[in-house]
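These are the residues of each chain, in order.
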Amino acid sequence: PSAAIAIRARLMARMLAAIALLVFVQLTRCAEQQAALQPFLSDGEFESQVLNDDVVWTVLFTSEGNEATATRSHAAEDVVRMAGDTLGSKMRMGIADVSHVKATASEFNIRSRRCPKLLVFTTRARDGEQVDIGEDAGALVERISHVVGDNERNDQGQLIKKTLAVGGGSGGDEL
């Protein structure tokens, strides 16, 4: 009987180790998914990766300037990361501290004391649409989905930026 107990104990230990490994793998996958925000450390990086890309970008602008904006920025980052679990395959998502991208923040009228701000870049123009972050990731997904509703998809299923027409030609006959 004691040999049977020892065998059962070893089997139980192996099963527990296997379960622990599965839990670890699942937690690692979740952490990898939530780490999907591309950090921008310079205006040049932002320019080359967001503004020059054909794919739609959603970028969270944050500030560590003071305790209040840092607290709001960290809370917003959590919400945006959770929304990214749903949106990450459809668009690219990034994060930029305004102290690292000063010229970009100035161009898009983002002030450190007013952070966090979330902009969605849906067109090839140098323009981002501000989206209210809120506290609920599901509601944020809906708000962003509304903003990108007219964008087409590429072969990988990602939303592509629209090209805006320039000029006022009517396309009709000349007078």
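Rules used throughout
Residues numbered from 1 in each chain as written. Predicted model: local features only at pLDDT ≥ 70, side-chain atom pairs only at ≥ 80, totals over all residues. Heavy atoms only, no water. Phe/Tyr/Trp six-rings, centres within 6.5 Å; stacked < 30°, edge-to-face > 60°. Helix = DSSP H or I, 4+ residues; strand = E, 2+ residues; numbered from the N terminus. Buried < 20%, exposed > 50% of the residue type's maximum accessible area, 1.4 Å probe, protein only. Salt bridge = Lys/Arg side-chain N within 4 Å of Asp/Glu carboxyl O. Pairing = 2+ DSSP bridges. Right-handed = clockwise from strand over helix to strand, strands pointing away. Contact = heavy atoms within 4.5 Å. Axes fitted to C-alpha atoms, helices over the stretch in contact; angles between N-to-C directions. 1 Å grid on protein atoms, 1.4 Å probe; cavity = no way out; pocket = protein on both sides within 12 Å on 5 of 7 lines; lining within 4 Å. Points joined across faces, edges and corners; volume = space filled by probe spheres on them. Nonpolar A, V, L, I, M, F, W, Y, C, P; charged D, E, K, R; others polar.

S.K.: Can you help me understand the packing of aromatic side chains in this one?
M.R.: One pair of aromatic rings is described through two measures. These are the centre distance and the angle between the planes. What the rule picks out here adds up to six aromatic pairs. Pairing Phe46 with Phe121 gives two aromatic rings, centres 5.6 Å apart and planes at 70°, and the pair type is edge-to-face. On the criterion of sequence distance, the pair formed by Phe46 in helix H2 (residues 43-51) and Phe121 in strand E4 (residues 117-121) is long-range, its members being 75 residues apart. Accessibility expressed as a relative area gives 0% for Phe46, which makes it buried. On the basis of an interplanar angle of 80° and a centroid distance of 5.3 Å, the ring pair of Phe108 and Phe121 is categorised as edge-to-face. Highlighted residues: Phe108 in the loop between helix H4 (102-107) and E4 and Phe121 in strand E4, separated in sequence by 13 residues. The class for Phe108 is buried, based on a relative accessible area of 13%. Of the aromatic side chains, those joined through ring pairs into one cluster are Phe40, Phe46, Trp57, Phe61, Phe108 and Phe121.

S.K.: Before we go on, may I ask you to explain the pattern of salt bridges in this structure?
M.R.: Here the idea is simple: oppositely charged side chains can pair when their charged atoms come close. For the structure shown, the criterion picks out five salt bridges. Across the pair Asp54 and Arg124 runs a salt bridge whose closest N-O atoms are separated by 2.9 Å. Of this pair, Asp54 sits in the loop between H2 and strand E2 (57-62) while Arg124 sits in the loop between E4 and strand E5 (129-130); the two residues are 70 residues apart in sequence, bridging distant segments of the chain. When its relative accessible area of 40% is taken as the criterion, Arg124 is described as partly exposed. For Arg81, the salt bridge identified is with Glu77, shortest N-O distance 2.7 Å. Taken together, the positions of Arg81 and Glu77, both in helix H3 (residues 67-87) and four residues apart, correspond to about one turn of that helix. The exposure class assigned to Glu77 is buried, which follows from its relative accessible area of 16%. Three or more residues are tied together by salt bridges with common partners; here these are Glu47, Glu107 and Arg126.

S.K.: Honestly, the pairing of strand E3 (residues 92-97) in this entry has me stumped. Any pointers?
M.R.: For a regular strand, side chains alternate in direction, first toward one face of the sheet and then toward the other. In terms of residue burial, E3 counts as a mostly covered element, since five of its six residues are buried. Where strand E1 (residues 38-40) meets E3, three bridges bridge the pair, whose relative direction is parallel. Bridge pairing links Phe40 to Ala96 in E3. With H3 bridging E2 and its parallel neighbour E3, the resulting β-α-β unit is right-handed.

S.K.: Is there a simple way to explain the sheet that holds E5 in this structure?
M.R.: To summarise the sheet geometry, strands pair through backbone hydrogen bonds and adopt either a parallel or an antiparallel arrangement. One open sheet holds the five strands; their spatial order is E1-E3-E2-E4-E5, and the pairing between them is mixed. Each edge of the open sheet carries a strand with a single partner, namely E1 and E5. Note that E4 and E5 share two bridges and pair antiparallel. Bridge pairing in E5 links Val120 to Glu129. Seen against the sheet, H3 touches E2, E3 and E4 and runs at an angle of roughly 165° to E2. Across the sheet, helix H5 (residues 137-147) is in contact with E2, E4 and E5; its angle to E4 comes to roughly 35°.

S.K.: Looking at this structure, how should I read the layout of surface pockets?
M.R.: The gaps of empty space that remain are located by a probe, the size of a water molecule, rolled over the atoms. The computed volume of the largest pocket comes to approximately 240 Å³. Residue lining of the largest pocket: 14 residues in total, with Ala76, Pro116, Asp132, Ile133 and Gly134 positioned closest to the centre. Examining the composition of the lining of the largest pocket, we find that four residues originate from one element, H3, more than from any other. For the lining of the largest pocket, a count of residues per class yields seven nonpolar, two polar and five charged.

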